[in-house]
Amino acid sequence: MKKLLAMLLALIMVLSMAACGAKAPAEEAPEADAPEAEAPVEEAVELNIVSIPKLVGVAWFDRMDVGGQEWVSANGGTFYQNGPSTADAALQLQTLQDAITEGANVIHVVPNSTETLEVAMAEARDAGIIVLSHEAPGAENVDYDVEAFENDAYGEHFMKILAEQMGEEGEYAIIVGSVQAQTHVAWADAAVAYQEANYPNMKLACDYIESGEDHDTAYNKTKEALKTYPNLKGIIGCSVIDPAGAALAVEEAGLVGEVTVIGTSVSDVVGSYLESGAVYMFSSWDTSATSYAMCEASKILAEGGEITTGTNLGAEGYESVTVDGKVIYGAAWLDFTVDNYKDDPYRTAE
Amino acid sequence: MNSTMKKIVKSNEFFMFAIILVMFCIFGIINPAFFSVANLFDLSRSMVETGILALGVQVVMISGGIDLSFMAIAVFAMHTVSKYMGMYWNDAPFILLVLMGAVIGLVLGLFNSLFIAKFKLPPFIVTLGTTNIFKGLCLVFIGSRQINNIPASMIDFSKTNLISVQAEQGMANLHIGVLILVVLALLTSYMLNKTRLGRSIYCVGGSEASAQRVGLNTVAILAFCYAFLGAIAGMTGVMHASFQRMSNPFDMIGGELTVIAAVTIGGPRVGGGYGSTAGTMLGVLLLTMINNSLVMLKIPTFWQLAVTGMIIILGTIMQIYRYKRSLKNA
């Protein structure tokens, strides 16, 4: 027993000496040439990034893995995506807690429900983990939230397109995934505010319609809205399936050309409706670029750097970001119509 | 004559019908568009999926059991048929696709039966377990991605209408699926009321031990009930993908309780032995009416869930109150 203790003590002494020895050159460094001294520190930062999307297995979040792997192959470290198989807040919380115990030093998360994750995200940060979120500008316990664009600008850009298609008059409706989805509501609010300021002959027909990100619900509620508001001429869908569900209702009612459907989507979901004319245009953003930018931001933070307005995060649309409080904004939305939807980065068909 | 009238007026179905009529009038007064042809056609189309599933669920509930796995079965059949037929035989006739869905559902239903009818395990637990098995196997082996390349006949089906008339805003369409629901409802009703098998299901639901004593093969009868629901669910799955013009493996699941609620409101009591197809269809109509009218009634989104829940509870309370009173009078 005593022997063991002695050996342990000896080991500690040796190690502490080694630690002192390692420190010494770094202390001397400032006296020498400064740029050279920074180089070894940078190499020492090896990021183990765990990325937690709302759910796995859908093209939208699969792209985040692509962006992360791209960054890792250029910068080293590891990037591992893990998440729930349905967009469930409780399951996502488990995944986040697992990531903390597994010893990740960076966590990227796209929250299903920001409130549910706040406590765990605080724990992660207390443990020295860098936490970045996406699609959650209201998140508190994160280093930064990274957004592809400012929500107001995105919502306004939809309203401009819708107003142009509607001839700046008539009623319109907005479908959101749920009224708890912060970004959806932010886009919708901005679109409505822009309309009120600029298009006095247009009117929001009813409260935001909730689709629950379910195609059938979006379809049924659009049908109801079409019957209830005969003057309805435009629909903005916020979640990926909303424009498709709305377009199906419009197409079945034989109202293609009379009701304009636009919104956030991907070409695999709305391609056929673009061809039929039921959907006029859709916007998306490439989450691989977002993921890449998040990795780059993590690296800057890990090295003790700062991210300010104008910082380049190395991905398309993130060359010069805007920082507002804890939120980093790119300018990275992409617009697609029937003419160019086949360039959609998420496209798998044909 | 008088006593037959009394019997009808006192029946559960008549009571349901009265509630529906009253709500129908109230909805129509709030929004006159509710009475429009377009809305009536849309309501009947919205009833198709829930209605067909409810036919299967009522059979299981009459037998005294419960099945939570039917949505998972529907999704499994839907995704399998959509994926492989879309890839290898895009021109397959719709009837064949529906039959394939039914066969897949039948097999999965028999898997449930094995544990419930043969090994006498509690159906609630078994089907809770198989729900996850079916869902998981579907995501692992068939795929977790939405499939857009579904057979052409499925998309044609979604565009096939019995009647199509010009409405105030666009077209009002009565979908052919409504006919399928009516035919299946008549067949199920016939099976339950006029065949030996159907009457045996009521017997097993009333008292399994007594049914056994009088010489019924309860294992086979129960196995039939779950297999029947499986086949019905498989068919509905294929129809669901057709209606949506794509197959998404995360659809449908979560909607089990709406169907079970519709059946429960319509008469069959948890515990078995009671229930009629007419009552079930009225229950489906009531829930569909509530679920698909909240935007029309201009009820704010936050209230929609609460209102649905309140109406379900209110309906059930009235049912049970009437049932207890009828026991006292008897």
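Residues numbered from 1 in each chain as written. Chains lettered and ligands numbered in written order. Predicted model: local features only at pLDDT ≥ 70, side-chain atom pairs only at ≥ 80, totals over all residues.

Quick word on the overall build of chain B
Across its full length, chain B holds 14 helices and 2 strands. Taking 20 Å as the expected radius of gyration for a compact globule of 330 residues, we find that chain B reaches 20 Å, a close match to that expectation. Considered along the principal axes of its C-alpha atoms, chain B spans approximately 60 × 55 × 40 Å. Here chain B, with 330 residues, has 46% of them falling under the buried criterion. Nonlocal contacts in chain B, meaning residues at least 24 apart in sequence, comprise 79% of its contacts between residues at least 6 apart. (Helix = DSSP H or I, 4+ residues; strand = E, 2+ residues; numbered from the N terminus. Rg over C-alpha atoms; globule rule 2.2 N^0.38 Å. Buried ≥ 20, exposed ≤ 12 C-beta atoms within 10 Å, placed from the backbone. Contact = placed C-beta atoms within 7 Å.)

With respect to the pairing of strand β4 (residues 130–134) of chain A
Residue and element names in this part refer to chain A. Within β4, 5 of the 5 residues are buried, which leaves the element mostly enclosed by the surrounding structure. Covered by surrounding structure in β4 are I130, L132 and H134 together with V131 and S133, the residues of both alternating faces. Inspection of the sheet shows strand β3 (residues 106–109) paired to β4 by 4 bridges, in the parallel sense. When the bridges of β4 are listed, I107 appears paired with V131. Regarding the hand of the β-α-β motif, the stretch spanning β3, helix α5 (residues 114–126) and β4 is right-handed. (Pairing = 2+ DSSP bridges. Right-handed = clockwise from strand over helix to strand, strands pointing away.)

Observations regarding α5(A)
Residue and element names in this part refer to chain A. Spanning 13 residues, α5 covers 18 Å between terminal C-alpha atoms, matching the ideal 18 Å at 1.5 Å per step. A maximum bend of about 30° is found in α5 at A120. Considered for burial, the residues of α5 that qualify are T114, L117, A120, M121 and A124. Note on α5: the residue one or two positions beyond its end, G128, has a positive phi of about 85°. (Expected span 1.5 Å × (residues − 1). Bend = angle between axes of the 7 residues up to and from the residue.)

Some points on the packing of helix α2 (residues 12–30) of chain B against helix α13 (residues 277–291) of chain B
Residues and elements named next belong to chain B. At their nearest, the axes of α2 and α13 sit 9 Å apart, and the two run at 20° to each other. The angle between α2 and α13 falls in the class roughly parallel. Relative to α13, the crossing made by α2 is left-handed. Mapping the contact onto sequence places N12, E13, M16, F17, I19, I20 and M23 in α2 and A278, G279, L282, G283, L285, L286 and M289 in α13. (Axes fitted to C-alpha atoms, helices over the stretch in contact; angles between N-to-C directions. Parallel < 35°, antiparallel > 145°, perpendicular 65-115°, else oblique. Left-handed = near helix turned anticlockwise from the far one by under 90°.)

Let's talk about the interface of chain A and chain B
In this complex, chain A contributes 27 residues to the contact, which on the side of chain B involves 29 residues. Put simply, the parts of the chain that give the side of chain A that touches chain B at least two residues each are β8 (209–210), α8 (215–228) and α9 (242–252) of chain A. When the residues that make up the side of chain A that touches chain B are grouped by side-chain class, the tally is 11 nonpolar, 7 polar and 9 charged. (Nonpolar A, V, L, I, M, F, W, Y, C, P; charged D, E, K, R; others polar.)

A few points about the sheet that holds β3(A)
Residues and elements named next belong to chain A. Across the sheet, 7 strands lie side by side as β2-β1-β3-β4-β5-β13-β12; this open sheet has mixed pairing. Pairing within the sheet leaves two strands with one partner each, and these edge strands are β2 (78–81) and β12 (322–324). The mean inter-strand angle of the sheet, taken between neighbouring strand axes irrespective of direction, is 20°. In terms of strand pairing, strand β1 (residues 48–52) meets β3 through 4 bridges, oriented parallel.

Considerations on the nonpolar core
One broad rule of soluble globular proteins: the nonpolar side chains tend to lie buried together. Counting 74 residues, the largest nonpolar core has V57(B), C225(B) and L229(B) as its most contacted members. With 16 residues, the top contributor of residues to this core is helix α11 (residues 218–244) of chain B. The contacts of L229(B), once residues within four sequence positions are left out, are G56(B), V57(B), V59(B), V60(B), D67(B), F70(B) and G109(B). If you look at the next biggest cluster of nonpolar residues, it comprises 61 residues, including Y219(A), V240(A), I241(A) and A253(A). (Core = buried A, V, L, I, M, F, W, Y, C linked by C-beta atoms within 7 Å.)

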